[in-house]
Amino acid sequence: MKQYRIYYIFLTVLIYAFASGCTSDFEDINTDPTASPGNDFNPNYVLTTAQLAYAGSNDFAYDTWRANLIYSATMMQGMATVVSYWAGDKYLNNPGYTSAYWERAYDEQIKRIVDIVESTRDKPEYNNIHQVGRIWRALAFQRISDLYGDIPYSEAGGAYYTGNLYPKFDSQESIYADLLKEVDEAINAINPSGDAITGDAVLNGDLAKWKRFGYSLMLRMAMRLTKVNEALARSYVEKAIGKTMESNADNAFLLHDESGGRVTQNRNSQVLLGDGGQENYYVKWSDTFINFLRDTNDPRLNKIAVNKLYLSEGSKDQNPGYVTGGASQKGMPNGKDLSSNPLYRINDDPSYTGFPDYSSPHPQMIARTAPTFILTYAESEFLLAEAAIRWGLGNASEHYKNGLEASLTFLSQWGDAVAISNSSAATYAYAHPLDMGNALDDIGNQYWANACTSFNFYEAWFNWRRTGIPALTPVNYINNATNGTIPRRFPYPIAEENTNPDNYRAASAAVTGGDLLTGRVWWDKE
Amino acid sequence: MNNYLYRQIPKIGLQAWIFLLIYFQPVFSFAHRPADPLLNQKISIHLHHVSLQEALQVLTEKAGIAFVYSDLFSNQTERINISSTDISVKEVLDKMINANLFSYTVMGKEVVINAKTTQQQVTGVVTDQSQVPLPGVSVRIKGTNQGTSTNDNGQYGLTAPTNATLVFTYTGYVKQEIPINGRNTINIQLQEDNNELNEVVVTALGIRKERKALGYSVTEVKGEEITTARENNFINSLAGKVAGLDIGATSGGVGAASNVTIRGVSSIGQGNQPLYVVNGVPMESQPVGRLNKNPNGNSGSQWDNAPDMGDAISNLNPDDIETISVLKGAAASALYGYRAKAGVIMITTKSGKGNSIDFSSNYVAEQIMDMTDWQYVYGQGANNVKPSDQAGAAQVGGSSWGGKLDGSQVIQFDGVERPYVAQRNNLKNFYRTGGSWTNTIALNKSFDFGTVRLSGSNLDNRSVVPNSGMDRQTFNFSGIFDPIKNLKIDARVNYILEDVQNRPYLSDGAGNANYNVTFLPTSIDVRDLKPWLHDDGTERAYNAGNTFATNPWFAAYEFQNKTKRERTIGSITARYDFDGGYFIQGRIGRDNYSHKYTNVVPSGTAYRPRGSMTEQVTLFSDLNADFLAGSSFMLSDLTITPTIGASFRRTKSELSIQNGQDFSVAGLYNIKNTVNKAIDFIPSDQETQSVYGNIEFSYQDLLYLTGSLRSDWFSTLATPGRNNQLNTVYPSVNASFVFSELWKPTFLSFGKIRLGYATVGQATDPYKTQLMYNFLSETLNGKPLGNIINTAIPNSALKASSASEFEIGTELSLFDTRLNLDVSYYNKQSEDEIVDVTTSTTTGYQGAVLNVGKMENKGIEMLLTGYVFRNTTGFNWTTSFSGTLNNNKIKSLAEGTTVQPVATSRSNVGFLQHREGLAAYQIMAFDFSYDKNGEIIYLDNGAPARGELTPYGSAMHKWMLGWNNEFRYKNINLSFLIDSKWGGKIFSATDYYGYLFGLHQATLENREGTFGESGVEASAYYTDYANNVSKQFVQDASFIKMRQIIIGYTFPAALFHNKIKSLNISAIARNPFILMKRTDNIDPEASYNASIPGMELGGAPPIRTFGFNLSAKF
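Residues numbered from 1 in each chain as written. Chains lettered and ligands numbered in written order. Predicted model: local features only at pLDDT ≥ 70, side-chain atom pairs only at ≥ 80, totals over all residues. Heavy atoms only, no water.

Observations regarding the overall build of chain B
And step 1. Each helix and strand counted, chain B has 14 helices and 58 strands in total.
And step 2. In terms of overall size, chain B behaves like a compact globule, its C-alpha atoms giving a radius of gyration of 34 Å where 1114 residues would be expected to give roughly 32 Å.
And step 3. Projected onto the principal axes, the alpha-carbon positions of chain B cover approximately 125 × 75 × 65 Å.
And step 4. Here chain B holds 1114 residues, and 61% of them are scored as buried.
And step 5. Across chain B, contacts joining residues at least 24 apart in sequence account for 69% of those joining residues at least 6 apart.
And step 6. Of the accessible surface of chain B, which amounts to about 41600 Å², a share of 54% is contributed by carbon and sulfur atoms.
And step 7. On chain B, the mean spot of the 96 positive side-chain charges and the mean spot of the 101 negative ones are 3 Å from each other. (Helix = DSSP H or I, 4+ residues; strand = E, 2+ residues; numbered from the N terminus. Rg over C-alpha atoms; globule rule 2.2 N^0.38 Å. Buried < 20%, exposed > 50% of the residue type's maximum accessible area, 1.4 Å probe, protein only. Contact = heavy atoms within 4.5 Å. Areas by Shrake-Rupley, 256 points an atom, 1.4 Å probe, with all protein chains shown as cover. Lys, Arg positive; Asp, Glu negative; His and termini not counted. Charge placed at Lys NZ, Arg CZ, Asp CG, Glu CD.)

The following block contains the structure:
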């Protein structure tokens, strides 16, 4: 019977072990010690990251490179290049590039901003961050929708809260209606004596500025609808009038930080400094833009453009003796390449005297710490000027003058080297008043120039699609995908066919003009 | 198990009670013996110092019992003293009769007293047919667990009952049963066993069992089968040898992981790799892949340009392996529980045998096989024109859309004019002849109280990829001791040092030498890309139009991808056998390693001029402890063996990452020399507790029945604030019926039917139940950057998944064991799979953790072995076929969908998906678009319009057939193995890029003409074609390959006057040629990630190896 004793001892130990619940520490074991659950984590920290992501992906400027630069900047003839993969300069179809913004925006921007809004809902201690979150969420969604049209909106980014893994595509019409409502409600719900926005890397937690930002954003959203719903556009413009940004001090921009490497450096700069290729040498201001400034004697030409900044293809070292001064500046024509075909070969273009002679952006504008401009006072004023022309709301000339002055003086926010003094700006604005006979063109051209100098080529493209201003001459490159017309939309990413097939197919089939570069979003009515 | 039952019981742990109590009963029930009325009668008796004979006479008078006994009993001198007025006859007898020496039985009115068999000494020598002593032969007293084993000189000695039978077993030899019959010396010769059915195999928990007792399928492979023609990752050597086992090597170069699946894809969302158990201790061998948290390792994503970091199993030295047991079914694995869902591969390392020194040396040369078959009509350029200036040549550096190769002098990327001619040997000129040299020495020593084995091995590999290679040292200690009687201690340590130089990048072009050399334009000679540095130390890039197209030499010689791994796998097992068949066993084992990875993107890299580097250290430990107690009870012909056990597992890892961007001093690759640094720290921790019981019944040698029950408690299911069910309980039962014991026709040597059913549960990885936040490493002007860490939506209600498997099989040995057949049918059903369902990026997450889906695998495995010629002194030919048929089907997926994305090809037009109703891992590509009349729709540029994303078949092969042949004549042996797989598909991203770059033969058609109404050129047409319709890139991955050929000679020991006990020299070839393939520019087995089947791009080309192997025993 001795043997049984072993069993007894063993079983007793075993039974005690399990009955007493060895699993009591399992919850601790299954909690990542390097992270905090939502209740313990201030949503302000996430806001900073969401804002940074709006300034471009931390994955090596992934979306900025492809959407803002390769496509928008060149289609809008703000920039030009001979780099073969810059498909936008030639209206070529590169599905990987046109889907880049979508891929990163939902992951890096929408996920975070939706989480901020959802996790602070009905929490009075987080009222203001909730409202600011709603405004930012509207800002982020507007750009995605402007690029693609109907997009997942109401069910997007919140799958943790809703469990919906197959977000439907909302119509752009309904999205815009909701964006305007959201911004309006959020501005009104901001409580000046409420919680401080500590994670704000754009307006530094200034709630008064947030309100003005909100109204300028509302203005921009409303004006987008002039072709499709003028009444709605006007009603929101009327709400915003008098409450929009008041000076360049209200400009919304995010200042980058060199120390964080690719994660925090300016995204446009990373590309234009040649971090990922030879963009430094081969990407230049477009001659369309340079010529516009020259034709109007615009003092910005002396500031924003330099030549001989990079002297050889192989070197990424900037030439400290770069040349400024409008007279020597020269833009590069769009639609040119390095091939042997004389129709396109840049060397055969009459303007060609070597690449260093074409104008690059001023080094201050491509500094790693440079700001990313999100929404500026000048844009706001130009839109008010347009509203005044369209609907007689306010003084168009005054708003135009404010906008023009501001779009010169704001350059100081790039850095002192490109600053234009208030007096020169005032002088220039006085000398170039709004031509009431050609007012919409004047406003649109300046809106475009302002967008180019703030590297917000997205906005230049959106406004051009709405207004057709400036009047750009398309290039006609071999094998282009648009029959020689400037693209009006990005096709949906094919990846959605893989992950959200039913909703994707329905949306893709519904695009006016087809799910192509030549298709149109709802507000871009022919 | 019935969930309902367990839901009733709120407190975990109670289940342990229940099943332990169930357990208890058999333990006690056999302790009772039925009483007999004759013996129960009460009498009054008074005996004082009487002899036994006298005492019996008194009993006969008082109780009317006749006694029958021998002299042996009556001659005893014992005197009896009993005085009682109310005592049963039985009690009297028990007092009178020494139970150690005698027993009695009642037969009618008679009581027969039998002398118990006396114990006696038996000694002897066990030899083989040629009189060579066999050490380590197990000598067991039949029907008991008692026994011993032979020493170095083949001698044994033990004490056994005179009438006992000794059972001699030795792996590879026919078991012999010899009755002692009073003899004191029994010398026997064991016959080599060609009938594998009688083998003793290692099964779950390291228990050795006779094959005939198993109710499930086990295949055992001997160490020597994988050492002669070896692979650096030894698991690859099993390809084609084991039915039901699918091994896919990856194209990751030296030290890469392998994809191993047993009986098909076992899980929709989790790893499909089997559990490796080394000397009873489970070893984690998750290869790189989708489930890999390592941000710098190859995760098989669309954008992956990262090296394959290898897997754990490749660390082992095949010379140290005694046996590999492949336990295929869930039944075999029930005792390993959740970790064995995908099957178990048990590895037993060698232990000391005798006193000898073993030495082996193996050298193989490695050579690439060029799989590409590009067009060589047109050269580098664009729009059908060859370059005319340097900048233009550089801008189209990756394109073969130029003019006709006419031999004219043409300017190239570097400004030098060279002839415009085809360069067909770029791969051969880039890759070099590699080689692997392995030397192993092992010392065996036997002592009175045990044996030790100590081995050291060095592997020195020079990869075919320039500047890449591996060094590996392994040290193995094994000691088996019997410090006191009945106690056996088995201690093993495996210490591994592995350094891999420059594992190649995979898939994407940046920094990947393989990719760039494969897609070099037809007129560029790879040798002209040398030197790969400009004078200022920057990359001499050949493709300015795509700076991510790294100069392959620069990628090979300047990029660094070093790994350094130090691994210790140790275990100690103590087993105590009580007299009477009880045993207890405790075991503790720990697998731990540190893995250091250094990656350098050098200064001057075209796409990252200022360079960057990563230093990454993984510390991993996996502690496993288990306890087992059991016994055997005999009930006439029925043997019952219950065992119960408990186990504990704690697995922790810490991954520390330092990333540095931008070297401040160019070329100084030191993490401190980087300007922008970022850190990351990724911990992982999980614990599992288990209890289990197992009961075996065996009736004679005829029928075996085993049942088990196990419960696992998982930490990874725990969610703070929620009372999740943390455990899952699962049973198994299997039976083996040896019908040849009953039915003995002359042609049948052995026949058995086996039957098994088991279920097994599985939890998941840690930290999937809560949404958690932390910070990016960087700050933005002093502001912290908060972040949601979950990339997949967490699930606070996770439960363990479950899989059940039914198996039926037979083993037949016919015609004097000349023909042997082992066939199994299995049906495996998985459900509630824990899956990271890939979601649209618009959800904000890359996936969601869900309990979804049902999947089934049904299949047949067969091993047919024929001893065509069998003659110990003459010609022998053994031929065997191992065949596998597996039918996999996804029965359902997440609610509301029939599709679950798995992976996306870098080409963006090929996908891997699970789809309801089809086999797992469907290769998806775009079909043509058809109009109402079924006509293909073409676009203005002539290219077809994009149609539906369509499944074109599973990446997993459906059929596999291996054919192995061994010939032996006297001392010469020859063998070859042919391996084939059928029915799998592969998406060739290589072909896709062949279209885009103008390399593919298909792009020759109308090359200089225009296409469509808009009159585009060939480059635009074929690019659009490839992007719109990708089904032509789905290829049949079926193949037949010559896996290995071995020719060897064994020198007779006499030649060396027995100074050398044995010496064998073999010439070997692995993968010397491909007999059949259907892919055009790739190896049908190409793969850039061990967990992403059917996707390839940018991997190292397949290699063939030739060499020799020498093994000697002193």
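Looking at the packing of aromatic side chains
And step 1. Under the definition given, this model contains 87 aromatic pairs over all chains.
And step 2. Judged by centre distance (6.0 Å) and plane angle (80 degrees), the rings of W743 of chain B and F747 of chain B are edge-to-face.
And step 3. Taking relative accessible area as the criterion, F747 of chain B reaches 36% and is therefore assigned partly exposed.
And step 4. Between F928 of chain B and Y930 of chain B, the ring centres sit 6.4 Å apart and the planes meet at 75 degrees, which makes this aromatic pair edge-to-face.
And step 5. Sitting over the ring of Y358 of chain A, K330 of chain A keeps its end group 5.0 Å from the ring centre. (Phe/Tyr/Trp six-rings, centres within 6.5 Å; stacked < 30°, edge-to-face > 60°. Lys NZ or Arg CZ within 6 Å of the ring centre and 35° of its normal.)

Description of the packing of helix 4 (residues 62-75) of chain A against helix 6 (residues 100-119) of chain A
The description of two packed helices rests on the angle between their axes and on the distance between the axes.
Residues and elements named next belong to chain A.
And step 1. Between helix 4 and helix 6, whose axes approach to 9 Å, the crossing angle comes to 135 degrees. Comparing their axes, helix 6 and helix 4 come out oblique. Here helix 4 and helix 6 pass one another in a crossing that is left-handed. Side by side, helix 4 and helix 6 meet where Y62, D63, R66 and A67 of the first sit next to A100, Y101, E103, R104 and Q109 of the second. (Axes fitted to C-alpha atoms, helices over the stretch in contact; angles between N-to-C directions. Parallel < 35°, antiparallel > 145°, perpendicular 65-115°, else oblique. Left-handed = near helix turned anticlockwise from the far one by under 90°.)

Some details on unusual backbone geometry
The phi torsion of most residues other than glycine is negative, and most of the peptide bonds are trans.
And step 1. Backbone torsion omega between I469 of chain A and P470 of chain A reads 0 degrees, so that peptide bond is classified as cis.
And step 2. Within the fold, P470 of chain A resides in the loop between helix 20 (457-467) and helix 21 (495-499).
And step 3. With an omega of -10 degrees, the peptide bond between K530 of chain B and P531 of chain B qualifies as cis.
And step 4. Take P531 of chain B: it is sitting in the loop between helix 11 (513-518) and helix 12 (552-557).
And step 5. Its identity as a non-glycine residue notwithstanding, F60 of chain A has a phi of 50 degrees, on the positive side.
And step 6. Following the sequence through the fold, F60 of chain A ends up in the loop between helix 3 (43-54) and helix 4.
And step 7. The residue N297 of chain A is not glycine, and still its phi comes out positive at about 55 degrees.

Remarks on the environment of I175 of chain A
And step 1. On the secondary structure map, I175 of chain A appears in helix 9 (residues 172-189).
And step 2. Taking the C-alpha atoms as reference, I175 of chain A lies 9.6 Å from G149 of chain A; in sequence the two are 26 residues apart.

Quick notes on the pairing of strand 7 (residues 138-141) of chain B
For a regular strand, the rule is simple: side chains alternate between the two faces of the sheet.
Residue and element names in this part refer to chain B.
And step 1. Every second residue of strand 7 is oriented toward a common face, the buried set being V139 and I141 and the non-buried set S138 and R140.
And step 2. Here strand 7 pairs with strand 10 (residues 165-169) via four bridges, running antiparallel. Bridge pairing in strand 10 links I141 to L166. (Pairing = 2+ DSSP bridges.)

A few points about the pattern of salt bridges
And step 1. If you walk through the whole model with that rule in mind, you get 79 salt bridges over all chains.
And step 2. A salt bridge links E386 of chain A to R466 of chain A, with the shortest nitrogen-to-oxygen separation between them at 2.7 Å. Residue E386 of chain A is found in helix 16 (residues 377-391), and its partner R466 of chain A is found in helix 20; the two are separated by 80 residues along the sequence. In this structure, E386 of chain A and R466 of chain A share a single accessibility class: buried.
And step 3. Residues D591 of chain B and R567 of chain B are paired through a salt bridge, measuring 2.7 Å at the closest nitrogen-oxygen approach. (Salt bridge = Lys/Arg side-chain N within 4 Å of Asp/Glu carboxyl O.)

Re the interface of chain B and chain A
And step 1. Contacts between the two partners involve 120 residues from chain B and, on the opposite side, 99 residues from chain A.
And step 2. Each partner contributes to the roughly 9000 Å² buried at the junction of chain B and chain A, and carbon and sulfur atoms together form 61% of this total.
And step 3. It is Y773, L780 and T842 of chain B in chain B that bury the most area against chain A; as a group they hold 8% of the surface buried on that side.
And step 4. Taken together, the connections running from chain B to chain A amount to one salt bridge.
And step 5. Between D389 of chain B and R345 of chain A there is a salt bridge, with the nearest N and O atoms lying 3.0 Å from each other.
And step 6. On inspection of chain B and its partner chain A, the count reaches 23 residue pairs in polar contact (both at pLDDT 80 or more).
And step 7. Looking at which element gives the most residues to the side of chain B that touches chain A, the answer is strand 34 (residues 674-699) of chain B, with nine residues. (Buried area = accessible area lost by both parts, 1.4 Å probe. Polar contact = N/O pair within 3.5 Å; in protein donor to acceptor, adjacent residues only side chain to side chain.)

Examining the sheet that holds strand 39 (residues 783-788) of chain B
And step 1. The strand order 1(A)-38(B)-39(B) describes an open sheet built from three strands, whose pairing is antiparallel. For this open sheet the edge positions go to strand 1 (36-37) of chain A together with strand 39 of chain B, each flanked by a neighbour on one side alone.
And step 2. Judged from the two bridges that link them, strand 1 of chain A and strand 38 (residues 772-780) of chain B form a sheet pairing that is antiparallel. What sits directly across from P37 of chain A, in strand 38 of chain B, is M772 of chain B.
And step 3. Each of strand 38 and strand 39 of chain B touches helix 3 of chain A; the most contacted strand, strand 39 of chain B, lies at about 90 degrees to it.

Concerning the environment of V837 of chain B
All names here are of chain B.
And step 1. Checked against the element boundaries, V837 lands in strand 42 (residues 819-838).
And step 2. According to the relative accessible area criterion, V837 is buried, its value standing at 1%.
And step 3. Distance in space between the C-alpha atoms of V837 and G269 is 7.5 Å, their sequence separation being 568 residues.

Description of a nonpolar patch on the surface
Residue and element names in this part refer to chain B.
And step 1. There is a patch of nonpolar side chains on the surface, built from L705, V733, I753, L755, Y757, F806, I808, Y825 and I860 and spanning about 700 Å² of accessible area.
And step 2. Broken down by secondary-structure element, the contributors of at least two residues to the nonpolar patch are strand 37 (748-762) and strand 41 (801-814).
And step 3. Counting residues per element, the nonpolar patch draws most heavily on strand 37, at three residues.
And step 4. Its location among the elements puts F806 in strand 41. (Patch = residues over 30% accessible without salt bridge, like charges linked within 9 Å, V, L, I, M, F, W, Y side chains within 5 Å.)

Considerations on the packing of helix 7 (residues 127-148) of chain A against helix 20 of chain A
All names here are of chain A.
And step 1. Look at helix 7 against helix 20: their axes get within 11 Å of each other, and the N-to-C directions meet at 55 degrees. Considered as vectors, helix 7 and helix 20 are oriented oblique to each other. In terms of crossing hand, the pair formed by helix 7 and helix 20 is left-handed. Of the residues in helix 20, those touching helix 7 at R143, D146 and L147 are Y458, W461, F462 and R465.
And step 2. Of the residues belonging to the contact of helix 7 with helix 20, the class tally is four nonpolar, no polar and three charged. (Nonpolar A, V, L, I, M, F, W, Y, C, P; charged D, E, K, R; others polar.)

A few points about the confidence of the model for chain B
Low-pLDDT stretches of the model should not have their predicted coordinates read in fine detail.
All names here are of chain B.
And step 1. For chain B, per-residue confidence averages 86 on the pLDDT scale, and 92% of positions sit at 70 or higher.
And step 2. A low-confidence stretch, residues 1-35 stays under pLDDT 50, and its non-local contacts, those more than four residues away or across chains, total 52 contacts.
And step 3. This complex was scored by the predictor with a pTM of 0.83 and an ipTM of 0.94. (pLDDT = per-residue confidence, 0-100.)

What to know about empty space enclosed by the protein
All names here are of chain B.
And step 1. As a volume, the second largest cavity reaches approximately 280 Å³.
And step 2. Secondary-structure elements contributing two or more residues to the lining of the second largest cavity are strand 16 (245-249) and strand 51 (985-988).
And step 3. Sorting elements by how many residues they give to the lining of the second largest cavity places strand 16 first, with four residues.
And step 4. Taken together, the residues of the lining of the second largest cavity break down into eleven nonpolar, seven polar and four charged. (1 Å grid on protein atoms, 1.4 Å probe; cavity = no way out; pocket = protein on both sides within 12 Å on 5 of 7 lines; lining within 4 Å. Points joined across faces, edges and corners; volume = space filled by probe spheres on them.)

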